[in-house]
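# Secondary and tertiary structure notes
Spelled out, the chains give:
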Amino acid sequence: MGWRVERGAFDGGPEPLHVGLVPGPGAQARPAPRQHGPARRIARRFRAVSDMGKRIFRFTHEKGCTMIITLAGGGSTFTPGIVKSIALRKEELEVEEIRLYDINEERQRKVGVLVDWILHEDLGLDIKLTVTTDKKTAFSDADFVFAQMRVGGYAMREQDEKIPLRHGCVGQETCGCGGLAYGMRTIFPMVELIDDVEKYAKPTYWILNYSNPAAIVSEACRVMRPNARIINICDMPIAIIDLVCAALEIDKKDVEYDYFGLNHFGWFTSIRHKGEEVLPQLREYIKEHEILLPSSYLKGMSSLMKSNTDNEDESKQNRHTKGSWYYVWKGVYEIMELFPEYLPNTYLNYYLQQKEFVEHSNPERTRANEVEETREHNLFAGIDRYEATGEIDESTFYAGSHGDWIADLAVALKNDTKARFLVICQNRGAIPNMPYDAMVELPAYIGKNGPEVISRDNIPLFQQGLMMQQLNSEKLVVQACIEGSYEKALQAFTLNKTVPSMTVAKEVLDEMIEANKDYWPELK
C-alpha cells in the first residue's frame, strides 16, 4: 500500500550577503566593506533589495525555475555540504534555484558566501542563489523545503546536556532529559514552519525534515498537522552503515539492510552485501577490535590515553576516535557482548548503559563544546579567511553522506524512483505489536506519493518493551507541550529510561523550566 508520512523540523542561520551592496528600494545604504577577489565576484552577481521589510540577496539574472529547493536553517554548518549534494544532482532534480532561509542573519550571510563559492566557483553552475530572512521570499513556489532547525542554538544545547549531568543523568541533545527539553523547544516552531510552507509553497511541496529530536517532532506533527506533506529522516543509521562498510571493506552502493525502531532508538536486523548476509562477519570484527570503527580510524587512538602535553598530533585522528565519540563506538561492542543478535543504533548506549555514560562524561565539557570547538570553529574560521584572502580550504566544510542522503530522497520523490530509504512514519500496522499511531523508523520505497513502508513481523519482546517505554515518554512530552501540563511533563521525564527516579526527574525538569523560559510554553 502507498501512503504518506507526516512530520518535520529545522537549524540556525546568517545575514544577507553584504559584499559590495547596492541598496534596493527601502533599504538603508551603508558603506561597502573592503573587497578582495571573491568579494568583487560576488558583488557583480548580487544586489540588495527590500522585501517585506527584510534585506535579501538574489542573483540578478532571471530564468524560469523548474525546481526550487529551500533550506530552512540556512546558517547550519551542514548547509554547504547539503547544497553541494543538491548541485551535483542538478540534472536529476532540475533545480534552478536554491534558497537559504534563517532567522540568524549574520550567520547565514557567512554560510551564503561559501555556498556561492561552491555553486559558482567550484562547480561552475548557473543555479540561482537566494539568501533571505523573509518567509515569503523563502517559501514562495518552493518544491522542496529541507528543514534543519536548532531552536536555541548551541547555548541551549549546552543546557540540554549539562543540566541532566548535574543530576546524575545522561546529558545528550536528543536522548533522555536533553532530548525532551529540545523537543519542547522545537514543536511549535516546526508547526509554524509547516504553516508557512503551506501558505507560500507549491501545493505539491515536500518538507524533508532532519531536525532533532525527530521522534518528538514527528509525533507532534502527527497530532497537530496530520495532513502536512512532510517526511522525517535521520542520517545516523547511514553514518553507521558507512562505518560498517569501511570496517568490512565493502562498497556501500551494494549494501541493503533491514532495520526497525523509533528514531535514535533502533536495531539493524540484517545487513546484506550483494545479497549476502554480513552481520556474522561484522559481529566477528566488532568482537576482535572491541569497537565499531574501521581499522584505518584506529590509528592514533593511543592519544586518548595521553595528556594534552604529549606530542602526538590529535588533529590527524579521525573525529570518531576522539572525545565523547570514542565511547559511542566502543559502546556498540559492549552492547553486542550481551545482546549479539542485532546491531544497535549507537544512541541506544544512552539507554542501555546510562550509568556508564554518565560516569565517563564531563559535566563541564560536553558534545556541544566539542562541536563548537571543531565543526563550528573550522567552518566560520575558514569563511573568514576566504573573505579576507580569497583562499578557500574545502576541509573546513563537511560534504558526504548527510547531504547525499537528503538530496537522493528528493530525487526519489521527484522522479518516482521507488528507491529504498529509512524513514520515520506512522506505524499503521507495519510492526504488528506496536501501536497503530506510533511514529516508527522503518525502510520504505520512496516515490512521488511518498513512502511505501515495508511491513515486518512482530518484534521481540525485549525490543518492544524498550520501545514502548520510550514511545510513551515522547508522547507524554508532546501532550505536555500542547496542553501546558506540568504533570504530563513530569511523567515524561520520570518514564524516560535515562532517569533513575521521579525525584530526580522533578529536579531536572524544574531546572530545565527555568533554563527554557524563553522557549517552552508555560506548564501549569
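Just so it is clear, the structure is predicted and the values come from calculations on it, not from any experiment. (Residues numbered from 1 in each chain as written. Predicted model: local features only at pLDDT ≥ 70, side-chain atom pairs only at ≥ 80, totals over all residues. Heavy atoms only, no water.)

## Observations concerning the nonpolar core
If you look at the biggest cluster of nonpolar residues, it comprises 103 residues, and the most contacted ones within it are Ile86, Phe146, Leu208, Ile271, Trp329 and Leu343. Ranked by residue count, the leading element in this core is helix H9 (residues 236-248), at nine residues. Setting aside anything within four residues of it in sequence, one finds Leu208 in contact with Phe144, Val145, Phe146, Ala147, Ile231, Ile406, Leu409, Ala410 and Leu413. Grouped together as the second largest cluster of nonpolar side chains are 27 residues, Ala220, Met224, Val478 and Trp520 included. (Core = buried A, V, L, I, M, F, W, Y, C linked by side-chain atoms within 4.5 Å. Buried < 20%, exposed > 50% of the residue type's maximum accessible area, 1.4 Å probe, protein only. Helix = DSSP H or I, 4+ residues; strand = E, 2+ residues; numbered from the N terminus. Contact = heavy atoms within 4.5 Å.)

## Section: the state of the cysteines
Under the counting rule described, the total for this entry stands at zero disulfides. Free of any disulfide, Cys169 has its nearest cysteine sulfur in Cys177, 4.9 Å distant. Residue Cys169 is classed as buried on the basis of its relative accessible area, which comes to 0%. (Disulfide = S-S within 2.5 Å.)

## With respect to the pairing of strand S4 (residues 97-101)
For S4, the tally of buried residues reaches five of five residues, placing the bulk of the element in the interior. Side-chain alternation along S4 places Glu97, Arg99 and Tyr101 on one buried face and Ile98 and Leu100 on a second face that is also buried. As defined by bridge partners, strand S3 (residues 68-72) adjoins S4 across five bridges and the pair is classed as parallel. Pairing of Ala72 across the sheet is with Tyr101, part of S4. (Pairing = 2+ DSSP bridges.)

## Looking at the pattern of salt bridges
Counted under the stated rule, the structure contains 42 salt bridges. With a closest N to O distance of 2.6 Å, Glu158 and Lys162 form a salt bridge. Of the two residues, Glu158 and Lys162 are both situated in helix H6 (residues 153-166); the distance of four residues between them amounts to about one turn of the helix. Here the two residues Glu158 and Lys162 agree in accessibility, since each one is buried. Between Asp437 and Lys475 there is a salt bridge; the shortest N-O distance is 3.3 Å. One end of the pair, Asp437, is in the loop between strand S13 (419-426) and strand S14 (439-447); the other, Lys475, is in helix H17 (residues 461-483), and 38 residues separate them in sequence. Three or more residues are tied together by salt bridges with common partners; here these are Arg150, Arg157, Glu161 and Glu173. (Salt bridge = Lys/Arg side-chain N within 4 Å of Asp/Glu carboxyl O.)

## Overview of the packing of aromatic side chains
With the rule as written, the count across this model stands at 14 aromatic pairs. With centroids separated by 4.8 Å and ring planes inclined at 65°, the aromatic side chains of Phe265 and Tyr351 adopt a geometry described as edge-to-face. Placement of Phe265 in strand S10 (residues 265-273) and of Tyr351 in helix H13 (residues 349-352) is noted, with a sequence separation of 86 residues between them. Each member of the pair, Phe265 together with Tyr351, is buried. Ring pairs connect the aromatic residues Phe260, Phe265, Trp267, Tyr342 and Tyr351, which therefore count as one cluster. Here the basic side chain of Arg150 rests over the ring of Tyr154, its NZ or CZ set 4.8 Å away from the ring centre. (Phe/Tyr/Trp six-rings, centres within 6.5 Å; stacked < 30°, edge-to-face > 60°. Lys NZ or Arg CZ within 6 Å of the ring centre and 35° of its normal.)

## Structural notes on the pairing of S13
Where burial is concerned, most of S13 is hidden: six out of the eight residues are buried. Note: S13 against S14, eight bridges, orientation antiparallel. Bridging across to S14, Ala419 finds its partner in Ile446.

## Quick look at the packing of helix H7 (residues 176-200) against H17
Running from N to C, H7 and H17 point in directions that differ by 45°, and their axes come no closer than 10 Å. With respect to their mutual orientation, H7 and H17 come out oblique. Note that H7 runs across H17; the crossing there is right-handed. The segment H7 lies against H17, with Leu180, Met184, Ile187 and Phe188 engaging Ser473, Val477, Val478, Cys481 and Ile482. When grouped by side-chain class, the residues that make up the contact of H7 with H17 number eight nonpolar, one polar and no charged. (Axes fitted to C-alpha atoms, helices over the stretch in contact; angles between N-to-C directions. Parallel < 35°, antiparallel > 145°, perpendicular 65-115°, else oblique. Left-handed = near helix turned anticlockwise from the far one by under 90°. Nonpolar A, V, L, I, M, F, W, Y, C, P; charged D, E, K, R; others polar.)

## Considering unusual backbone geometry
Between Asn212 and the following residue, Pro213, the backbone shows a cis peptide bond with an omega angle of -10°. Locating Pro213 in the fold gives a position in the loop between strand S7 (206-209) and helix H8 (214-224). One non-glycine residue, His264, lies in the positive phi region at around 60°. With respect to the element layout, His264 can be found in the loop between strand S9 (255-262) and S10. Even without being a glycine, Asp416 presents a positive backbone phi close to 55°. Along the chain, the position of Asp416 falls in the loop between helix H16 (401-415) and S13. Taking the relative accessible area as the measure of exposure, Asp416 reaches 30% and is therefore partly exposed.

## Describing the environment of Thr396
As for its position among the elements, Thr396 is in the loop between helix H15 (367-389) and H16. On the basis of relative accessibility, which here comes to 15%, the residue Thr396 falls in the buried class. Setting aside residues no more than four positions away along its own chain, Thr396 makes contact with Asn378, Leu379 and Gly382.

## A closer look at helix H10 (residues 279-289)
Among the residues of H10, those classed as buried are Leu279, Leu282, Tyr285 and Ile286. Buried positions in H10, seen along its axis, are confined to an arc of 115° and lie on one side of it. Turned more than 90 degrees away from the buried face of H10, the exposed residues are Glu284, Lys287 and Glu288. In this fold, the buried residues of H10 make contact with H9, S10, strand S11 (276-277), helix H11 (295-298), helix H12 (323-338) and strand S12 (343-344). Of the residues flanking the end of H10, it is Glu290, one or two places downstream, whose phi is positive at about 60°. (Arc of directions from axis to C-beta.)

## Considerations on the confidence of the model for the chain
This prediction gives the chain a mean pLDDT of 86; 83% of its residues lie at or above 70. Overall, residues 1-65 carries pLDDT values under 50, and its contacts beyond four positions in sequence, including any with other chains, amount to 221 contacts. Low pLDDT, under 50, characterises residues 302-312; the predicted model gives this stretch 11 contacts beyond four residues in sequence or across chains. (pLDDT = per-residue confidence, 0-100.)

## Quick notes on a nonpolar patch on the surface
A surface patch of nonpolar side chains, about 230 Å² in accessible area, is lined by Phe188, Val223 and Ile482. In this structure, Ile482 sits in helix H17. With a relative accessible area of 38%, Ile482 lands in the partly exposed category. (Patch = residues over 30% accessible without salt bridge, like charges linked within 9 Å, V, L, I, M, F, W, Y side chains within 5 Å. Areas by Shrake-Rupley, 256 points an atom, 1.4 Å probe, with all protein chains shown as cover.)

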